[in-house]
Structures are given as structure tokens and as C-alpha cells.
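Overview (structure and organization)
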Amino acid sequence: MATNRTFTMIKPDAVKNNYIGAILDKINGAGFKIKAMKYTKLTEEAAGEFYAVHKERPFYGELVEFMSSGPIVAAILEKDNAVDDFRTLIGATNPAESAEGTIRKLYAESIGANAVHGSDSDENANIEGSFFFSNLERF
Ligand code: UDP
Ligand code: MG
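Residues numbered from 1 in each chain as written. Chains lettered and ligands numbered in written order. Predicted model: local features only at pLDDT ≥ 70, side-chain atom pairs only at ≥ 80, totals over all residues. Heavy atoms only, no water.

**Details of the sheet that holds strand β1 (residues 5–10)**
Each strand in a sheet pairs with another by means of backbone hydrogen bonds, the pair being arranged parallel or else antiparallel. We apply this condition: In short, DSSP must find at least two bridges between two strands for them to pair. Secondary structure is summarised from DSSP: a helix means a run of H or I of at least four residues, a strand means a run of E of at least two, and numbering begins at the N terminus for each. Whenever a helix is involved, its axis is fitted only over the stretch in contact; in every case the axis is a line through C-alpha atoms, and angles between N-to-C directions fall within 0 to 180 degrees. Throughout, a contact is declared for two residues whenever any of their heavy atoms are within 4.5 Å.
Taken in spatial order, the four strands of this open sheet run β2-β3-β1-β4, and their pairing is antiparallel. Looking at strand neighbours, the two that pair on one side only are β2 (33–40) and β4 (116–118), the edges of this open sheet. Averaged over neighbouring strand pairs, the angle between their axes works out to 15° when direction is ignored. Where β1 and strand β3 (residues 72–78) come together, six bridges link them in antiparallel fashion. The partner of T8 across the bridge, within β3, is A75. Packed on one face of the sheet, helix α2 (residues 20–29) meets β1, β2, β3 and β4 and runs near 165° to β2.

Here you go:
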């Protein structure tokens, strides 16, 4: 399993607010290479499956509704130490607690509508990338 890849989504709030270009610029500027990318929209069912690990959390219903509310950009990114470095680049889940200059600090609306997703482990990066992309769609 690749340890130098992570998976991201530009979430519906950031797409709606026209931040796709700014966020991709931050991602490339931080040294990540795009290995796969698509503009798509999750059904409620697909969002529920993607976030199934959070099924028991109180925010699950709201999260599924939000993530299926509009189009997203899904991408696989490559860099040394990709998972950890990308979590640093995006900042804390709650933008009110995110470090200055992070993607969530700059572009997120709230703890729920927080602009971007970033995988939390190599294992999940692989699972999440495979949720969106076939082997013919990653390079
Ligand atoms: N979330 C939320 N309320 C919370 C915590 C999380 O709406 O109190 C949403 C938010 O969009 C977050 C996602 O659920 O990005 C997944 O939560 P997780 O704890 O995995 O945060 P992340 O890994 O995205 O920082
Ligand atoms: Mg998470």
C-alpha cells in the first residue's frame, strides 16, 4: 500500500463559494501532486457509505445531508508523508480552531461545512481513493 498518498474532497461549501482554484493552488503550492481528480456529486446513499465510520456520531445525519447537497471535487494527492502533511495543511476540523494560513482557516464556513476532507491514515487514504477512482483513473 502506498504510504505517500492521501485522499481529499473539496466540499460543497467551498465549491459553492468558488474556492476550487484557490484550494488547488494551496495544495500544489504545498508540494502535493494530483494523481486523480473528478468533479462529481454524492448521492445521500454514497455520502452515508463514505462516512459510515461516523454512523453513531450525533452529527452523522447532518454530515450526510451536507455532503450530498452539492458538487464536490475528489482527488488523490501524492507527496512524502502525504497523510500527515495534508492534515497539517488543512488545519483543525473546526475552523475556529484551525491554525492561521490553513485551508480550513481561510476557506471553511463552520465545523460541518469545513471546505475540505483529508484522510486520517494510509489505510483510509487507500480505501477512500478506491471509493471514487478505478485503477484507470489514477496515475
Ligand atoms: N463534523 C461535524 N461536526 C462535528 C465533527 C465533525 O459536522 O462535531 C463533520 C465535519 O464536516 C468533519 C466530518 O464531520 O470534517 C468528519 O469528522 P472528523 O472528526 O473525521 O473530522 P476531520 O477528519 O474531517 O477533521
Ligand atoms: Mg476524519
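**With respect to the packing of aromatic side chains**
Operational definition: Stacked, tilted and edge-to-face are the three classes applied to pairs of Phe, Tyr and Trp rings, where Trp contributes its six-membered ring and a pair requires centres within 6.5 Å; stacked means planes under 30 degrees apart, edge-to-face means over 60, and tilted covers the rest. Residue burial is assigned from relative accessible area. The probe radius is 1.4 Å, only protein chains are included, and a residue is buried under 20% of its type maximum, exposed over 50%, and partly exposed in between.
This structure, assessed with the given rule, holds nine aromatic pairs. Between Y19 and Y107 the ring centres are 4.6 Å apart and the planes differ by 45°, which places this aromatic pair in the tilted class. Taken together, the positions of Y19 in the loop between α1 (12–16) and α2 and Y107 in helix α6 (residues 103–107) put the pair 88 residues apart, joining distant regions of the chain. Judged by relative accessible area, which is 16%, Y107 ranks as buried. Each ring, one from F50 and one from F132, has its centre 5.9 Å from the other, and the planes form 65°; the classification is edge-to-face. Within this pair, whereas F50 is found in helix α3 (residues 44–50), its partner F132 is found in helix α7 (residues 122–132), the two being separated by 82 residues in sequence. Each member of the pair, F50 together with F132, is buried.

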